[in-house]
Amino acid sequence: MKIGCCVSLWEDLIFHLPQAGCQYAEGGFSSLADKSLDQVRTRAAQLEKAGVRLETMNVLFPGDFHLTGPQADFAAVDNYLEENLPKAQALGVSMVVFGSGGARRVPEGFPQEEAFAQLTELCREHIAPAMGAFGITCCVEPLNRQETNILATSEEGFRLVEAVNHPNFQLLVDLYHFDLEGESLSALESYRGRLGHCHIASAQNSRLLPQPWDGQDYLPFFQTLAAMGYEGRLSLEGDTRGGLSQIRSSLEYLQALASQAAPAACPR
């Protein structure tokens, strides 16, 4: 498992992540919208010089997009992706996270099943093929019910993944949202082969980065991922105001948990 950290693509903290033991960085896709391709290429060169691998991006759409309801505008989605996916490719990104709770929020009174059908069409006919053309995988991120009113559990997210049924569309599990919704780790096994990415932060401690002293037990999550053979990425996605020292201690802690959870090698 590779462990990285979500930070702003345009702030200097990202250049110091390798010093903290970060194996990759995760920035915000929507932040590309107001940048030119030349600006993005300049940033890519700066990241390469600093030894930073920007492998993933989150926040696929800004909040002013309409993805469900009577105002859903898929033509705007096509234009947005056409403009910004080449920028993500220039940065070396191979995975983009579709969270964007505000953009996908279902308008009051609009049928949930109709909204789900809209999201299925959006992801199957627009998002997944567009990303696939650039060698990028999209992972849908279930968010807790305080942040959105559709796809609020991993079960709902997995239902969308199955409905879309596209090789460039997978599921993300974020332990923060997962715990807030009271989901059971036993559900993860059913996502084997469709789980493309993970996020982690403390649900007990206001989305702080996991630390060995914070009172939350993260080991069962790592043990479950190890048991199902998950070998993908895991990004810290929480409060990074503590700076590099807190990122470093969180990374060290989670790397130790991942090692502890890994199945023992069979003797020869």
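Residues numbered from 1 in each chain as written. Predicted model: local features only at pLDDT ≥ 70, side-chain atom pairs only at ≥ 80, totals over all residues. Heavy atoms only, no water.

As annotated in an unreviewed UniProt entry, the protein carries the name Sugar phosphate isomerase/epimerase and is attributed to Candidatus Acutalibacter pullicola.

Attention now goes to the overall build of the protein. Of the regular secondary structure elements, the protein holds 8 helices and 8 strands. Against the compact-globule benchmark of 18 Å for 268 residues, the protein has a radius of gyration of 18 Å, which places it among compact chains. Projected onto its principal axes, the C-alpha coordinates of the protein cover approximately 55 × 45 × 40 Å. Per-residue burial over the protein gives 51% buried out of 268 residues. Contacts in the protein between residues far apart in sequence, at least 24 positions, make up 79% of those at least 6 positions apart. Here the protein has roughly 11,900 Å² of accessible surface; of this, 47% comes from carbon and sulfur atoms. Placing the 19 positive and 33 negative side-chain charges of the protein at their respective mean positions leaves the two points 7 Å apart. (Helix = DSSP H or I, 4+ residues; strand = E, 2+ residues; numbered from the N terminus. Rg over C-alpha atoms; globule rule 2.2 N^0.38 Å. Buried < 20%, exposed > 50% of the residue type's maximum accessible area, 1.4 Å probe, protein only. Contact = heavy atoms within 4.5 Å. Areas by Shrake-Rupley, 256 points an atom, 1.4 Å probe, with all protein chains shown as cover. Lys, Arg positive; Asp, Glu negative; His and termini not counted. Charge placed at Lys NZ, Arg CZ, Asp CG, Glu CD.)

Enumeration over the complete set of coordinates arrives at 8 aromatic pairs. Taken together, the ring pairs in this structure connect Phe29, Phe61, Phe65, Tyr80 and Phe98 into an aromatic cluster. Positioned above the aromatic ring of Trp10 is the side chain of Lys35, whose terminal nitrogen or guanidinium carbon lies 4.7 Å from the ring centre. Seen from the ring of Phe116, Arg159 lies directly overhead, with NZ or CZ sitting 3.9 Å from the centre. (Phe/Tyr/Trp six-rings, centres within 6.5 Å; stacked < 30°, edge-to-face > 60°. Lys NZ or Arg CZ within 6 Å of the ring centre and 35° of its normal.)

So, on to the sheet that holds strand β8 (residues 233-236). Overall, parallel pairing links the 8 strands, which are arranged β1-β2-β3-β4-β5-β6-β7-β8 in a closed barrel. Taken pair by pair, the neighbouring strands of this sheet meet at an average axis angle of 30 degrees, ignoring direction. Strands β4 (95-98), β5 (137-140) and β6 (169-174) of the sheet are contacted by helix α4 (residues 112-132), whose axis makes an angle of about 160 degrees with β4. Strands in contact with helix α5 (residues 154-164) are β5 and β6; relative to β6, the strand with the most contacts, it is inclined by about 170 degrees. (Pairing = 2+ DSSP bridges. Axes fitted to C-alpha atoms, helices over the stretch in contact; angles between N-to-C directions.)

We now examine unusual backbone geometry. Positive phi, normally seen in glycine, also occurs at Leu151, with a value near 55 degrees. Within the secondary structure layout, Leu151 lies in the loop between β5 and α5. For Leu151, a relative accessible area of 1% gives the class buried.

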